[in-house]
Amino acid sequence: MKIQQNYTNDINLKIKRRRWMNVGAIYLILLLFSVLFMGTFLFGAMSSLKDNPSKWPPTLKTEQLSLKNWIGVYILARQGGAGGFFGELKSGHEVSLQITYKYPTGVEIIPPEAIIPKRFKGAGRAALDLDKEFTADFVEIKLIEEISRTSVKNGTQVSYKISIVNSSQKDFDELPIDLVVPYKVKFKKATFSPNRIERLGMVQSWNNLVGGVIPYIFHNHFRVFNENYSRSTGKRLFTTWIYNSFFITIVKVITTLIFASMAGYALARLKFYGRNYLFVLILFSMMVPGQVTFISNYLVLRDGIFGFTKLFGGGSLLNTFTGLIISGLVGATAVFIMKQFFEGLPREMEESARIDGASTYQIFAKIMLPLAKPALGALTILTFQGVWNEFFWPLVVLTSPMDKFTLTIGLLSFKNTYASGAFDWGPILAGAIISALPIIILFIVFQRYFVEGISFSGIKG
Amino acid sequence: MENRWSSLKEKTAPYVLLSPFLFGFIVFFSYAFIRSLYFSFTDYDLFSIPNWVGITNYINLFKEHLFTRALRNSLTFAIIVTTLQTIFALLLAVVMNQKIRGIKYFRTAYYMPSVTSSIVITLIFMWMFQRKGVINYLLTLLHQYGLTIGVFLALLAGIQFLLVFKEKLRGRQVEYLEPSYIILSIILASIITYVFKDFGIIKPIEAKAVDIFWLNTREKVPFWAGPFAFPRPLGAIMILNIWTTVPTFMILYLAGLQGIPKALYEAAEVDGAKGWQKFWYITVPQLKHITFLVVTLGLIGTLQMFDQVKIIGNQAPLESTITLAYYVYQSAFPGASAPKVGMASAAAIILAVLTLTVVLIQKVFSGEGRGLRD
């Protein structure tokens, strides 16, 4: 009896263990796929923080994500007189950078030479900043002082303290610095890591000693906003594009919701001449590529919808949001989704309302629409995603000025802005990540609707 | 009077409800479609009055090298991407169709590539496909540690086989890919590989960095495929496109999988069907409708591929990436030279006809009696 009992226990334990191992194997596979699907984004997002995202070999190590650097940046920014997160070099303040070099045996130990360079930021801004006041003209390097010297293998390790003082009456938001050492002298460490090490390690260069932690981490993201200004209005282009994208998306979502449910209801429940033909045509239109219709649509907008806009004193609808919106009030797919949904609802309520004397409009507004909430939820998300990500049609309609661009077209223009010569991938990646954020947040919050939306447009019916 | 008014209101109701949609549908689809068809038989250039030229445009198109290249690229792209993404989506859906804790989070994570815009994804991929980019770096690592990985995989297969064989000798029913043994095999194989490496029996190869031009090249891959080879930049776009579309189609398949009656699998198990037999004889046929939908949507999507070509732009030779959709755009808005709207429209009509034909052929071959999405 006891042996029997032991035996059963044994088997139970084995089954249990096996089940756990099965689950473990599945999780392992799932994790591998996660790396495949998410890794790309995360790595792109991390690299968008780097000074040079194209550095070879690519590595996960990001200076901008090291606690040691954050502390160093914070301390320097505090010395500058403003906050540690958003820093400044205020009048009368002094900042001091500590830096350690290794001098190999045989190399003469001389302190590094410090230069405050005059740098322009980006191409777009430089044009507007001709009378820029350079920090270099107002602050001075007070002293370069040796603070310690220790013997190490094959050489000497020497630490210096470099103090910079702002004795002018002005405050500055940036303080770049270049340190030059003789050849073969090795940079070891500093209060925080330099942004670049150039010329075989002879030059260590910092973009901004007093910027504060946030601008330090999101350096490229700040560049995206700060370096692109509109030629005509002087406003920040990237902010304008975000605003444009939100405006167009929200308007189109609203028109789509209203008009798609109206048309969907009519197609699903009302009898009228040519209903079936219309439905076949809608299906047909869903298969026809946008490239077939865009030339005519371009002309229609150019001529102000057959000259109709002239009645209101308008002209061409090219390069206007009106044009972009009016040509995409409601898509065939949206109507299709709503039609399929309304067809799936029971008829009883509608019929009894009709017997009670309700009109078609009343039935639609008071009975059908409230029932359509789940479909409308899915449709909202689908439309938002579709319009936010739309590329081809805005590319055709919005060509100039750059103030009129949506985010997708604006990002495309980044390829020109930051690719004269070598690609400056930092701001390009940063811009891409920022523009994906709203949709990713929306997705995380409403992911149920995303999945439902796909099923609605695909499976139902 | 009151009655007549309300009766009129009822009669016109469908048209009133439809009117906003019909406005757009007539002006921006029907009219545009017919006008494109008309333009395709003219020499229109956006500015002067169009002249009727018959089918000259269509004939000229097939004489133009760039167009035939675009046609070929589009077809290759559509066939390869649709096939691969359908297979991957199905396999991924089967893996994801588990009732374990946290599966929802994984689904969310996997779906991420499908919600972001083509420009974001393409820019990130362009960065990864650089000469000194992530993809080439991973390939370099693969080259350097190829032997190590090979030894590991061989050990893994060997140990797994031994474990399963041992169980089989005892007369137990075990599958060769039994997951619980795989874990054990992975652990054992890792330990042995590590020991080998530690004793210097296997060493990473001192290889140069892989230097593949992914975008800026006219090279064709695979080199042995002869006339069926396609430009490597197109291959890069294929990889990126499969990566972004698989999750969407996976969700369609998941919904389908949940609709398959459990009884079918139970009956098959009673008859002694193994894992892959169940997959091949139950899952695949039961998902036939979904597969039709996935293939149709895939074909429509891939034949229209435009964004990636435009975004990659001059980073790759135009000839290597051009698709029909891009050809149409490029002919209508060529930048410096005069727009060839006639040619563009003809190419667009060919693209539309091609899409419809491919979907129809697909429908006939899959034996799907019902209409699209029906």
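The structure displayed is predicted, hence computed values, not measured ones. (Residues numbered from 1 in each chain as written. Chains lettered and ligands numbered in written order. Predicted model: local features only at pLDDT ≥ 70, side-chain atom pairs only at ≥ 80, totals over all residues. Heavy atoms only, no water.)

A.B. asks: What am I meant to see in the overall build of chain B here?
C.D. replies: A count of helical and extended segments in chain B gives 16 helices and 2 strands. Over its C-alpha trace chain B gives a radius of gyration of 27 Å, far above what one expects of a compact globule, namely 21 Å for 374 residues. Across its three principal directions, the C-alpha atoms of chain B cover 85 × 65 × 35 Å. Within chain B, the fraction of its 374 residues that count as buried is 48%. (Helix = DSSP H or I, 4+ residues; strand = E, 2+ residues; numbered from the N terminus. Rg over C-alpha atoms; globule rule 2.2 N^0.38 Å. Buried < 20%, exposed > 50% of the residue type's maximum accessible area, 1.4 Å probe, protein only.)

A.B. asks: Just to check I follow, could you spell out the overall build of chain A for this structure?
C.D. replies: Of regular secondary structure, chain A possesses 18 helices and 8 strands. When its C-alpha atoms are laid out on the principal axes, chain A stretches across 100 × 100 × 40 Å. In chain A, buried positions account for 50% of the 461 residues. Long-range contacts, defined here as pairs at least 24 residues apart, represent 68% of the contacts in chain A between residues at least 6 apart. As displayed, chain A offers around 22400 Å² of accessible surface, 62% of which is attributable to carbon and sulfur atoms. Each charge class in chain A was averaged separately, 48 positive and 30 negative side chains, and the resulting centres sit 10 Å apart. (Contact = heavy atoms within 4.5 Å. Areas by Shrake-Rupley, 256 points an atom, 1.4 Å probe, with all protein chains shown as cover. Lys, Arg positive; Asp, Glu negative; His and termini not counted. Charge placed at Lys NZ, Arg CZ, Asp CG, Glu CD.)

A.B. asks: Is there a simple way to think about the sheet that holds strand β8 (residues 203-206) of chain A in this case?
C.D. replies: Whenever strands of a sheet pair, they do so through backbone hydrogen bonds, lying parallel or antiparallel. Residues and elements named next belong to chain A. With antiparallel pairing, the 4 strands of this open sheet are ordered in space as β2-β5-β8-β7. The sheet is open, and its two edges are formed by β2 (113-115) and β7 (196-198), each paired on a single side. This sheet shows a mean twist of 20° between the axes of neighbouring strands, independent of strand direction. (Pairing = 2+ DSSP bridges. Axes fitted to C-alpha atoms, helices over the stretch in contact; angles between N-to-C directions.)

A.B. asks: Looking at this model, I keep getting lost on the pattern of salt bridges. Mind explaining?
C.D. replies: Oppositely charged side chains can form a pair if their charged atoms are brought close together. Taken as a whole and assessed by the stated rule, the structure comprises 17 salt bridges over all chains. The residue A:D137 makes a salt bridge to A:K118 at a minimum N-O spacing of 3.1 Å. Within this pair, whereas A:D137 is found in the loop between α3 (123-128) and β3 (140-152), its partner A:K118 is found in the loop between β2 and α3, the two being separated by 19 residues in sequence. A salt bridge links B:R218 to B:E319; its shortest N-O distance comes to 3.7 Å. Of this pair, B:R218 sits in the loop between α8 (179-198) and β1 (220-221) while B:E319 sits in helix α14 (residues 318-321); the two residues are 101 residues apart in sequence, bridging distant segments of the chain. (Salt bridge = Lys/Arg side-chain N within 4 Å of Asp/Glu carboxyl O.)

A.B. asks: Just to check I follow, could you spell out the interface of chain A and chain B for this structure?
C.D. replies: Of the residues lining the interface, 108 residues belong to chain A; the matching set on chain B comes to 107 residues. Carbon and sulfur atoms supply 77% of the area buried between chain A and chain B, which totals about 9400 Å² over both sides. Of all residues in chain A, A:F37, A:W56 and A:M287 give up the largest surface area on contact with chain B, accounting jointly for 9% of the area buried on that side. The interface formed by chain A and chain B holds 1 salt bridge in total. Taking the shortest distance from any N to any O, the salt bridge between B:E10 and A:R354 comes out at 3.5 Å. In this assembly, chain A and chain B are joined by 17 residue pairs in polar contact (both at pLDDT 80 or more). Each residue belonging to the side of chain A that touches chain B can be placed in one class, and the counts come to 74 nonpolar, 27 polar and 7 charged. (Buried area = accessible area lost by both parts, 1.4 Å probe. Polar contact = N/O pair within 3.5 Å; in protein donor to acceptor, adjacent residues only side chain to side chain. Nonpolar A, V, L, I, M, F, W, Y, C, P; charged D, E, K, R; others polar.)

A.B. asks: Mind showing me how you'd approach a nonpolar patch on the surface here?
C.D. replies: Residue and element names in this part refer to chain A. Taken together, the side chains of L67, I71, Y74, I75, F85 and F86 present a nonpolar region at the surface, about 590 Å² in accessible area. Tracing the chain through its elements places F85 in the loop between α2 (67-79) and β1 (94-104). Overall, F85 belongs to the partly exposed group, its relative accessible area being 47%. (Patch = residues over 30% accessible without salt bridge, like charges linked within 9 Å, V, L, I, M, F, W, Y side chains within 5 Å.)

A.B. asks: Can you help me understand the packing of aromatic side chains in this one?
C.D. replies: To describe a pair of aromatic rings, one takes the distance between the centres and the angle between the planes. Under the criterion given, the structure shown has 61 aromatic pairs over all chains. Centroid distance B:F39 to B:Y44: 4.6 Å. Interplanar angle 15°. Geometry classified as stacked. Across the pair, B:Y44 and B:F39 agree in class, each one buried. Each member of the aromatic cluster is reached from another via a ring pair, and the members are A:Y27, A:F33, A:F37, A:F41, B:F106, B:Y110, B:F125, B:F129, B:W214 and B:W243. A cation over a ring is seen here: A:K404 above A:F321, with NZ or CZ 5.0 Å from the ring centre. When the ring centre of A:W56 is taken as reference, the NZ or CZ atom of B:K132 above it lies at 4.9 Å. (Phe/Tyr/Trp six-rings, centres within 6.5 Å; stacked < 30°, edge-to-face > 60°. Lys NZ or Arg CZ within 6 Å of the ring centre and 35° of its normal.)

A.B. asks: For this particular structure, what's the right way to read unusual backbone geometry?
C.D. replies: Excluding glycine, most residues fall at negative phi; most peptide bonds, likewise, are trans. Note that the residue after A:W56, namely A:P57, is joined by a cis bond; omega there is -10°. Counting through the fold element by element, A:P57 comes out in the loop between α1 (2-47) and α2. The phi dihedral of A:K184 is positive, around 80°, even though this residue is not glycine. Structurally, the position occupied by A:K184 is in the loop between β5 (177-180) and β6 (186-190). In this structure, B:L46 is a non-glycine residue whose phi angle is positive, near 80°. Position of B:L46 relative to the elements: it lies in the loop between α1 (2-39) and α2 (56-63). Note on B:L46: relative accessible area 6%, which makes it buried.

A.B. asks: Sorry if this is basic, but what is going on with the environment of A:E146 here?
C.D. replies: Residue and element names in this part refer to chain A. Its location among the elements puts E146 in strand β3. By relative accessible area, E146 is classed as partly exposed at 35%. Setting aside residues no more than four positions away along its own chain, E146 makes contact with V158, S159 and Y160.

A.B. asks: How do you make sense of α2(B) when you look at a structure like this?
C.D. replies: Given 3.6 residues to a turn, an α-helix orients residues that are three or four positions apart in the same direction. The complete set of buried residues in α2(B) reads B:N57, B:Y58 and B:L61. For α2(B), the angular spread of the buried residues around the axis is 100°, confining them to a single face. (Arc of directions from axis to C-beta.)

A.B. asks: I'm lost on the domain arrangement of chain A in this one. Help?
C.D. replies: Where interface size is quoted, it is often the accessible area lost as the parts come together. Domain boundaries assigned for chain A yield domain 1 (1-47), domain 2 (63-212) and domain 3 (237-458). A C-alpha centroid distance of 43 Å is found between domain 1 of chain A and domain 3 of chain A. (Domains from an automatic or database assignment.)

A.B. asks: Mind showing me how you'd approach the sheet that holds strand β4 (residues 155-165) of chain A here?
C.D. replies: Residues and elements named next belong to chain A. Taken in spatial order, the 4 strands of this open sheet run β3-β4-β1-β6, and their pairing is antiparallel. The sheet is open, and its two edges are formed by β3 and β6, each paired on a single side. Between one strand axis and the next, the sheet turns by 25° as a mean value, whatever way the strands run. The strands touched by α2 within the sheet are β1 and β6, with β1 carrying the most contacts at an inclination of about 135°.

A.B. asks: What is the right way to read the pairing of β8(A) from this model?
C.D. replies: Each regular strand displays side chains that alternate between the two surfaces of the sheet. All names here are of chain A. Neither face of β8 is exposed, since V203 and S205 on one face and Q204 and W206 on the opposite face are all buried. Strand direction decides the pairing type here: β5 and β8, joined by 4 bridges, are antiparallel. For D178, the partnering residue across the bridge sits in β8 and is S205. Both β7 and β8 contribute to a ladder of 3 bridges, which runs antiparallel. Along β8, the bridge assignment pairs I197 with Q204. In this antiparallel pair of consecutive strands, β7 and β8, the connection spans 4 residues, and R199 shows a positive phi of 50°.

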